[in-house]
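Each chain, written out:
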Amino acid sequence: MSNSISKSPNKYDLVKDTLVLILAGGRGSRLYELTDKRAKPALYFGGNRRIIDFALSNCINSGLTHIGVVTQYAAHSLLRHLQKGWSFLPQERGEFIDMLPARQQIDDSTWYRGTADAVYQNMAIIRDHYCPKYILILAGDHIYKQDYSQMLLDHVSSNAKCTVGCIEVEREKACEFGVMAVDENLKVKAFVEKPKDPPAMAGKPNISLASMGIYVFNADYLYDILEREVNTPYTSHDFGKDVLPKCLEEGTLYAHPFSRSCMGRNTDGEIYWRDVGTLDSFWQSNIDLVSENPQLDIYDQRWPIRGNPTQTYPSKFFYSKSDIKPVDNSLISGGCVITDASISYSVLFDRVTVQEDSLVDHSVVLPQVTIGKNCVLRRCIVDRHSVIPDGMKIGVDLELDSKRFRVSSGGVVLVTASMLKKLNGEKVAFEAHLD
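Here the structure is a predicted model, which means the values were calculated and not measured.

(A) Up close: empty space enclosed by the protein. A complete count under the given rule lists one cavity of 30 Å³ or more for this structure. As a volume, the largest cavity reaches approximately 40 Å³. Taken together, A116, D117, Y120, L226, E229, V230 and H237 make up the full set of residues lining the largest cavity. Secondary structure elements with two or more residues in the lining of the largest cavity: α4 (115-120) and α7 (219-230). A breakdown of the residues in the lining of the largest cavity according to their chemical character gives four nonpolar, one polar and two charged.

In structure tokens, the structure reads:
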């Protein structure tokens, strides 16, 4: 890549000189069994996409086509998705989406010890092979639409060495984020990672300014600070806990308000960004899509979210009974077969079968699920390959469900194939489904 830009930078020059690193190795422990066999960024979303498709689509839509995906935990499903759905960039033009797995050596310490270490362990490849001038670091597990080229332009225009994307959040929820204070020029004056008592923004006592986990670095500065960080005792090897405080001390840290580059606003003009890191937030974000005016418009072709939709037959709806309420207010993906069943306020992914006299209400059903006859599913997440036996009722008696499945704090029931097999007394073995 070229190492020069004009004195008055434009977005076209900047994206050519930028390498994107998507950190996609997250365990997603708060999603429990839903991420037992897949990394969180590989989790399904919205009917026929995966969570990582949002970060990747933002890159392509922003003109950024030099991309490395840093993987670690349960990466098989994610790697297959990248190979099958994201291998279309023309290599002859120097465009790529490369996969950067953790170094799986005998010594466990060689696995990525934190977000900063994930970049440090790939630094020789980044510096010697990709040769970027700027490095954009993204999390691969959030739902949002953003023009990263605008953030790059702001980074260069402010003469920053590190820029962090930020968003306003309710103060009571800010304890899960890095929280910052900025001056009138958006230079960061204070930063604290996941504070128990988050500081409020000036003039907004109920709002805190939170880090989105999106960073732009001048490449040479990042190399230098990571070299120093790896030799620092008692470090967590984490951008939020360790690297950003160093940037703050050195006066090189600036903020980029997400509102400046957000490309996905709701009908009220409010910005959209979601961390779907819990069962309740994952369920709610999917169910939001079936509303009349959803918070996130997945049909907006001005900023499309690409993916790897499965090639399926059309979905089939067959009703022979006049007293059955058919499908309403739902998303139904390809290859589904619905027979005399009621589907309401739900998201059904590819190749789901729902048989006679069953009811699916406010539920998220992942691909290749079979729901038998006379079943009731309310406020459920049903994982891939699950087979719901005839007559089973889930989400009706949460006390019973807590003994059979997993019930979230918000009353959402997670159902997996392994749970169902265990319930049926079958020996549960590890299944390496091609997810």
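(B) Main features of the sheet that holds strand β24 (residues 380-382). Here six strands make up an open sheet; going across it, the order is β15-β18-β21-β24-β28-β27 and the pairing mixed. Whereas interior strands pair on both sides, the edge strands pair on one side only; in this sheet they are β15 (331-332) and β27 (406-407). Taken together, the two bridges between β15 and strand β18 (residues 347-348) define a ladder with parallel strand orientation. Within β18, the residue paired with L331 across the bridge is V347.

(C) Highlighting the packing of α7 against helix α8 (residues 239-249). Axis separation between α7 and α8 bottoms out at 11 Å; the angle between their running directions is 115°. In this structure, α7 crosses over α8, and the sense of that crossing is right-handed. Mapping the contact onto sequence places Y221, L222, I225, L226 and E229 in α7 and F239, D242, V243, K246 and C247 in α8. For the contact of α7 with α8, the class distribution of residues is seven nonpolar, no polar and three charged.

(D) Representation of the sheet that holds strand β14 (residues 316-318). Spatially, β14-β16-β19-β22-β25 is the arrangement adopted by the five strands of the open sheet, whose pairing is parallel. Across the chains shown, the open sheet's two edge strands, defined by having one partner strand only, are β14 and β25 (387-388). Summarising the sheet, strand β22 (residues 370-371) and β25 pair through two bridges and their orientation is parallel. Following the sheet pairing, I371 is matched in β25 by I388.

(E) Molecular detail of the nonpolar core. Grouped together as the largest cluster of nonpolar side chains are 49 residues, with contacts concentrated most on L34, F45, F282, L348, V354 and I388. Going through the elements one at a time, β2 (44-45), α9 (279-288), β18, β21 (364-365), β24, β28 (413-415) and α11 (417-423) are the ones with two or more residues in this core. When residues in this core are grouped by element, the largest group, four residues, is from α9. F282 has contacts with L31, L34, L43, Y44, F45, V276, V364, L366 and I381, leaving out every residue within four places of it along the chain. Within the second largest apolar cluster, 40 residues are counted, among which are I22, W86, I167 and I214.

Quick notes on the rules
Residues numbered from 1 in each chain as written. Predicted model: local features only at pLDDT ≥ 70, side-chain atom pairs only at ≥ 80, totals over all residues. Heavy atoms only, no water. 1 Å grid on protein atoms, 1.4 Å probe; cavity = no way out; pocket = protein on both sides within 12 Å on 5 of 7 lines; lining within 4 Å. Points joined across faces, edges and corners; volume = space filled by probe spheres on them. Helix = DSSP H or I, 4+ residues; strand = E, 2+ residues; numbered from the N terminus. Nonpolar A, V, L, I, M, F, W, Y, C, P; charged D, E, K, R; others polar. Pairing = 2+ DSSP bridges. Axes fitted to C-alpha atoms, helices over the stretch in contact; angles between N-to-C directions. Left-handed = near helix turned anticlockwise from the far one by under 90°. Contact = heavy atoms within 4.5 Å. Core = buried A, V, L, I, M, F, W, Y, C linked by side-chain atoms within 4.5 Å. Buried < 20%, exposed > 50% of the residue type's maximum accessible area, 1.4 Å probe, protein only.

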